[in-house]
Amino acid sequence: MTLVSVRDLAVSFGGTTVVSGVDFDIEAGQCVALVGESGSGKSVTARALLGLTGGSVNAAELRFHDTDLRSASPSRLRRLRGREIGFVSQGALVALDPLRPVGREIEDSLRIHTRLGAAQRRARAIELLAEAGVPQAAERAAQRPDELSGGLRQRALIASAIALRPRLLIADEPTTALDTTVQAGILDLLESLRDAGTAILLISHDLAVVSRLASHLVVMSEGRVVESGPAERVLAEPRHPYTRRLIAAVPTDRPRFERLTDRPAAAPAADRPQASRDVVLSATGLRREFGSRVAVDGVGFALGRGKTLGIVGESGSGKTTVARLVLALERPDAGEVRLLGRPWSTLTEPQRRERRPGIGAIYQDALSSFDPRLTVGQILADALSGGRSRRASPEVVALMESVGLQASLASRRPRLLSGGQQQRVAIARAIAPRPHILVCDEPVSSLDVSVQAQVLDLLDDLQRSLGLSYLFITHDLGVVRHMSDDLLVMRHGRVLEAGPTESVFSRPRHDYTRALIDSAPRLG
């Protein structure tokens, strides 16, 4: 039975059309995926079904079951939302009320749409959390969102969305930035809902995720559908150049240094240092405690010049704490970090100051790492001068060009740039002092697949031209396999497995490593 019919959908804001000519159907028990980059119109298209676009919506047909959504009254749309159409957004932390327990959040829809009493609503909320795969559901129901991990918050949001057993579930980037095993659990849950008869409209830029769930793909670019068809056919034999570029940008199973985009590689520097066995960064026996919790326990490694050491593991495994210890933002309770063969973590900050330019960092949320008062040019001038000047110079222009940024962007503030441009500014700032080592902490996890590919290619180019060494931290196994020469697998603060990346992937020795690899979604 066809549950959703969309024909020639158009959405505009203030006279500007952002979505045009969109067609698709969804049947009960079917998953249809809208895929494309940020700004392609995916979320706006989905919100048109909920009456939540905030813009002008026109369509030849926009129907949910027996309701014409074009002429439905606001009260009718409110009755549909939650009861008939559930909605799961990407930002679980901001979508859930930070001041209330998650159980109360789930109880709201039951209070509004049912006649259940308070005790019945509370019991039902706990049942829904358990159905969504939340362990110790009664205990979790009493906790606020900030007391839960990202995966548990996302499951709580799904529990709220399915509380009234909606016929249609709209899931907008439900697994973005989640750990591999957590992501697999969310996909299992969505798969079970689909198999039980729920129609799902899945919005994602992750083609590996949609290939597992969706039977039909709608590929969008700049507000229009460029390709549509059975998922298996679209992924195996894409007909549109844009779809082919999206698929080519996926790093999973792509060899080290193979380019993910068709952009030409940067020319190597004349004095490019060669990768070598020289150890530029080492750690032995690192331990870091926070009260009674041991965040890092006995971690050691050696990073060679011009090489990349990847660190993978779930949230709470200690990856980011290791990064902070390496950057000397935290002091280890035991063990030592050595930089270029000399003591580092044991020094005082005044003793480290002169050597700080030798190690830099790139973070996941580039925008939050910038001073919002400064322009791009001022940020980079500050980095080039070691904080002594924010004046424009030819060196700023050359630095921007080295990371693929137009010089005209120097006068803009970072918030006016795209996500990919912001990350390029972050990379330019990091390489400005000419470091030997960059600590990359989830540098591409929140980026679209094509923008991610551009950033990964850029990091490869800079490594080969400047001889940089990377400590590359990520939860994405496809990314880390493509980028890393060697790999550490961490869990509960300990290194469970270490070795050459291909050896770890092809012959994992630890059960946890095998579980991580098996749970990673794959394209096709």
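Residues numbered from 1 in each chain as written. Predicted model: local features only at pLDDT ≥ 70, side-chain atom pairs only at ≥ 80, totals over all residues. Heavy atoms only, no water.

- Per an unreviewed UniProt entry, the protein goes by ABC transporter ATP-binding protein and derives from Lacisediminihabitans profunda.
- Here is the UniProt Sequence similarities (unreviewed entry) comment for the protein, exactly as written: "Belongs to the ABC transporter superfamily." (UniProt positions renumbered as here; feature names shortened; annotations may be inferred.)

**Focus: the overall build of the protein**
Okay, step 1: What the protein contains, in helices and strands, is 20 helices and 21 strands.
Okay, step 2: The C-alpha radius of gyration of the protein comes to 24 Å, within 12% of the 24 Å expected for a compact globule of 524 residues.
Okay, step 3: The principal-axis extents of the C-alpha atoms in the protein amount to approximately 70 × 50 × 45 Å.
Okay, step 4: When the 524 residues of the protein are sorted by exposure, 53% land in the buried category.
Okay, step 5: Of the accessible surface of the protein, which amounts to about 23,000 Å², a share of 48% is contributed by carbon and sulfur atoms. (Helix = DSSP H or I, 4+ residues; strand = E, 2+ residues; numbered from the N terminus. Rg over C-alpha atoms; globule rule 2.2 N^0.38 Å. Buried < 20%, exposed > 50% of the residue type's maximum accessible area, 1.4 Å probe, protein only. Areas by Shrake-Rupley, 256 points an atom, 1.4 Å probe, with all protein chains shown as cover.)

**Thoughts on the environment of Pro135**
Okay, step 1: The residue Pro135 is located in the loop between α5 (118-131) and α6 (137-141) in this model.
Okay, step 2: Overall, Pro135 belongs to the partly exposed group, its relative accessible area being 36%.
Okay, step 3: Spatially, the C-alpha atom of Pro135 lies 36 Å from that of Asp25, the residues being 110 residues apart in sequence.

**Regarding the environment of Val449**
Okay, step 1: Among the secondary structure elements, Val449 is positioned in helix α17 (residues 449-466).
Okay, step 2: Taking relative accessible area as the criterion, Val449 reaches 8% and is therefore assigned buried.

**Side note on the domain arrangement of the protein**
Okay, step 1: Its domain assignment divides the protein into domain 1 (95-165) and domain 2 (279-371 + 437-519).
Okay, step 2: Taken over C-alpha atoms, the centre of domain 1 sits 35 Å from the centre of domain 2. (Domains from an automatic or database assignment.)

**Concerning α17**
Okay, step 1: For α17, built from 18 residues, the straight-helix expectation of 26 Å at 1.5 Å per residue is met to within 8% by its first-to-last C-alpha distance of 25 Å.
Okay, step 2: Burial within α17 is extensive, with 15 of its 18 residues counted as buried.
Okay, step 3: Phi turns positive, to about 70 degrees, at Gly467, one or two residues after α17. (Expected span 1.5 Å × (residues − 1).)

**Some details on the sheet that holds strand β19 (residues 469-473)**
Okay, step 1: What the six strands build is an open sheet, ordered β17-β18-β19-β14-β20-β21; its pairing is mixed. Every other strand in the sheet has two partners, leaving β17 (359-363) and β21 (494-500) as the edge strands with one partner each. Strand-to-strand twist of the sheet, defined as the mean angle between neighbouring strand axes without regard to direction, takes the value 15 degrees.
Okay, step 2: Here five bridges tie strand β18 (residues 437-441) to β19, and the two strands are oriented parallel to one another. The residue bridging Cys440 from the neighbouring strand is Phe472, located in β19.
Okay, step 3: Together, β17 and β18 form the strand contacts of helix α16 (residues 419-431), whose direction differs from that of β17 by roughly 170 degrees. (Pairing = 2+ DSSP bridges. Axes fitted to C-alpha atoms, helices over the stretch in contact; angles between N-to-C directions. Contact = heavy atoms within 4.5 Å.)

**Topic: the pairing of β21**
Okay, step 1: Taken together, the six bridges between strand β20 (residues 486-491) and β21 define a ladder with antiparallel strand orientation. Across the sheet, Arg491 pairs through a bridge with Arg494, a residue of β21.

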